[in-house]
Amino acid sequence: MSLCVLSGCYQVGPRRLDQDESDYSRALISSAKQQTLLNVVRLRYADTPGFLDTTQLISGYQLQRNLSVGVGADSPVRPIGGAAVQFQESPTFTFQPVTGDAYAQSFLRPLPPGSLLPLAMGGLPIDVLFRLSVQSINLISNAGAIGGDVGKGSPEFFELIHDLRLLQVAGLLGIQLEHSPEVSGKTPPLDRVFLTIENTHDPVLSETVYETRHLFNMSKNDERVEVVYGGGQPPRGQIRLLTRTVLGVMGQIAYQISVPDEDITSGRTLPRVSLIGRETRPVIVIHVGKERPENVFSWTTYNRKYYWISDNDYDSKLAFTMLQILLELSKTSKNPGAIVTIPVNG
């Protein structure tokens, strides 16, 4: 046993690879979720959000081996001894704050329709996606600013995204991206986004198809319409999608948090946005309390209170996961992400 240890049979690297890869992956995802939730809560109280990117993680292992051999006093012929292995870990983390141009491009730039809509074709529910990231479709407005009755939005918006979800599930909704090449070296290439609503023989879905096309200002037999960024009434053949910034997405989630009455009466924050129409439930339900919660999907602390998303709330978990995807989608840095380095000294 001791000879095997001295000769290097104790291989740390291969034994630790699977566990380290899994452990650090879970830790990075968990910390990203916690940072996002904390920033949402900060916005609820008009506090400044802050973002840190984990750029490098170094987890060093030190393996120390000791061997002792002696001869017992009672048995001079028979040697006795022992071997010991000491295993130490010393991780080092490197964080980089997101500031300047990186902050502006990642969090203050509206999400482009060409990047947003393909997520629905990847399987994400289009109604949740639009509730999070779209401020208006043509003249149909989603919920807006914090406080009062101004930010309730249009009931037609929730009816529209409900119908879009029905069409998505039925396979009648499609998204196409078309690449326009440069013209004479002057016009930069553009990705044009088209939405298709197919006909169906199902009488119930046919009514949904008709209503959706009507809200999109499409003619009865039009199946294809171009989606462009912007607000207001578009010309025929186009849908104007006014998308939000990532900071705007987080703000909308923040404004729907039901906070303690004492925080409102004291002036620390304003009453939450009241939704109207089909969807009166917040897109993400965030709980608050003074006791540490159990059975949570993600949690954080702010001003001596706990804020959390319940692990039993599938809808809120799905919407929060989609928020994390939008955060990753918005990043424009060429940084490849967190680099995990694990040197082993044995």
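Every value quoted in this text rests on a predicted model; they were computed, and no experiment measured them. (Residues numbered from 1 in each chain as written. Predicted model: local features only at pLDDT ≥ 70, side-chain atom pairs only at ≥ 80, totals over all residues. Heavy atoms only, no water.)

**What to know about the overall build of the protein chain**
Regarding its fold elements, the protein chain presents eleven helices and 13 strands. Counting the 346 residues in the protein chain, one finds 38% classified as buried. Taken as a whole, the protein chain presents about 18,900 Å² of accessible surface, with 52% of it coming from carbon and sulfur. (Helix = DSSP H or I, 4+ residues; strand = E, 2+ residues; numbered from the N terminus. Buried < 20%, exposed > 50% of the residue type's maximum accessible area, 1.4 Å probe, protein only. Areas by Shrake-Rupley, 256 points an atom, 1.4 Å probe, with all protein chains shown as cover.)

**What to know about the packing of helix α6 (residues 126–133) against helix α7 (residues 155–170)**
Two elements in contact, α6 and α7, have axes whose closest approach is 8 Å; the angle formed by their N-to-C orientations is 145 degrees. Of the residues in α7, those touching α6 at Ile126, Asp127, Phe130 and Arg131 are Phe157, Phe158, Ile161, Leu164, Arg165 and Gln168. Here the residues of the contact of α6 with α7 sort into six nonpolar, one polar and three charged. (Axes fitted to C-alpha atoms, helices over the stretch in contact; angles between N-to-C directions. Contact = heavy atoms within 4.5 Å. Nonpolar A, V, L, I, M, F, W, Y, C, P; charged D, E, K, R; others polar.)

**Considerations on the pattern of salt bridges**
Close approach of charged atoms allows side chains with opposite charge to pair. Tallied over the full model, the rule gives six salt bridges. Of the charged contacts in the structure, one is a salt bridge between Lys305 and Asp263, with a shortest N-O distance of 3.8 Å. Of this pair, Lys305 sits in strand β11 (residues 305–310) while Asp263 sits in helix α10 (residues 261–265); the two residues are 42 residues apart in sequence, bridging distant segments of the chain. Judged by relative accessible area, which is 8%, Lys305 ranks as buried. A relative accessible area of 3% places Asp263 in the buried class. The partner of Asp313 in a salt bridge is Arg281, with the nearest N and O atoms 2.7 Å apart. One end of the pair, Asp313, is in the loop between β11 and α11 (314–330); the other, Arg281, is in the loop between α10 and β9 (287–289), with 32 residues separating them in the sequence. (Salt bridge = Lys/Arg side-chain N within 4 Å of Asp/Glu carboxyl O.)

**Describing the nonpolar core**
Of all hydrophobic cores here, the largest spans 64 residues; its most connected members are Phe130, Ile137, Phe216, Ile253 and Ile286. If sequence neighbours within four positions are ignored, Ile137 has contacts with Phe130, Phe157, Leu160, Phe216, Ile239, Arg240 and Leu241. (Core = buried A, V, L, I, M, F, W, Y, C linked by side-chain atoms within 4.5 Å.)

**Points about the confidence of the model for the protein chain**
Per-residue pLDDT for the protein chain averages 81, and the proportion of residues at 70 or more is 71%. In the model of the protein chain, helix α1 (residues 2–6) stands out as the element of lowest mean pLDDT, 45, in contrast to β11, which has the highest, 97. Note that residues 1–9 has pLDDT below 50 and, in this model, eight contacts with residues that lie over four places away or in other chains. (pLDDT = per-residue confidence, 0-100.)

**A look at the packing of aromatic side chains**
Two aromatic rings, taken as a pair, are described by how far apart their centres are and by the angle between their planes. One pass over the full model with this rule turns up five aromatic pairs. Ring centres 5.8 Å apart and planes at 85 degrees place the aromatic pair Phe157 and Phe158 in the edge-to-face group. Residue Phe157 is classed as buried on the basis of its relative accessible area of 0%. Relative accessible area serves as the criterion here: at 1%, Phe158 is assigned to the buried category. Measuring from centroid to centroid gives 5.9 Å for Trp299 and Tyr306, while their planes differ by 45 degrees, and the two rings are tilted. Directly above the aromatic system of Phe297 lies the positively charged group of Lys33, at a separation of 3.7 Å from the ring centroid. Positioned above the aromatic ring of Phe194 is the side chain of Arg224, whose terminal nitrogen or guanidinium carbon lies 3.8 Å from the ring centre. (Phe/Tyr/Trp six-rings, centres within 6.5 Å; stacked < 30°, edge-to-face > 60°. Lys NZ or Arg CZ within 6 Å of the ring centre and 35° of its normal.)

**Concerning the sheet that holds β9**
Across the sheet, which stays open at both edges, the three strands sit in the order β9-β11-β10 with antiparallel pairing between neighbours. Single-partner strands in this sheet number two, and they are β9 and β10 (296–302). Mean inter-strand twist for the sheet, computed between neighbouring axes without regard to direction, equals 25 degrees. Sheet topology note: the β9/β11 ladder contains three bridges and is antiparallel. When the bridges of β11 are listed, His287 appears paired with Trp308. (Pairing = 2+ DSSP bridges.)

**Some details on the packing of α7 against helix α8 (residues 203–215)**
Remark: α7 packs on α8, axes separated minimally by 10 Å, with the N-to-C direction vectors making an angle of 130 degrees. One element, α7, and the other, α8, form an angle in the oblique class. Once α7 is placed against α8, the crossing between them reads as left-handed. Contacts between α7 and α8 involve Leu160, Asp163, Leu164, Leu166, Leu167 and Ala170 from the first element and Leu205, Thr208, Val209, Glu211, Thr212 and Leu215 from the second. In the contact of α7 with α8, the residues fall into eight nonpolar, two polar and two charged. (Parallel < 35°, antiparallel > 145°, perpendicular 65-115°, else oblique. Left-handed = near helix turned anticlockwise from the far one by under 90°.)

**Brief notes about α7**
In this model, α7 (16 residues) spans 23 Å end to end at C-alpha, consistent with the 22 Å of a helix rising 1.5 Å per residue. Among the residues of α7, Phe157, Phe158, Leu160, Ile161, Asp163, Leu164, Leu167 and Gln168 are the ones counted as buried. Directly beyond the C-terminal end of α7, a positive phi value near 80 degrees is found at Gly171. (Expected span 1.5 Å × (residues − 1).)

**Some details on the environment of Ala254**
By secondary structure assignment, the location of Ala254 is in helix α9 (residues 246–255). For the pair Ala254 and Tyr45, spaced 209 residues apart in the sequence, the C-alpha separation amounts to 8.6 Å. The residues touching Ala254, leaving out its near neighbours within four places in the chain, are Val40, Leu43 and Arg44.

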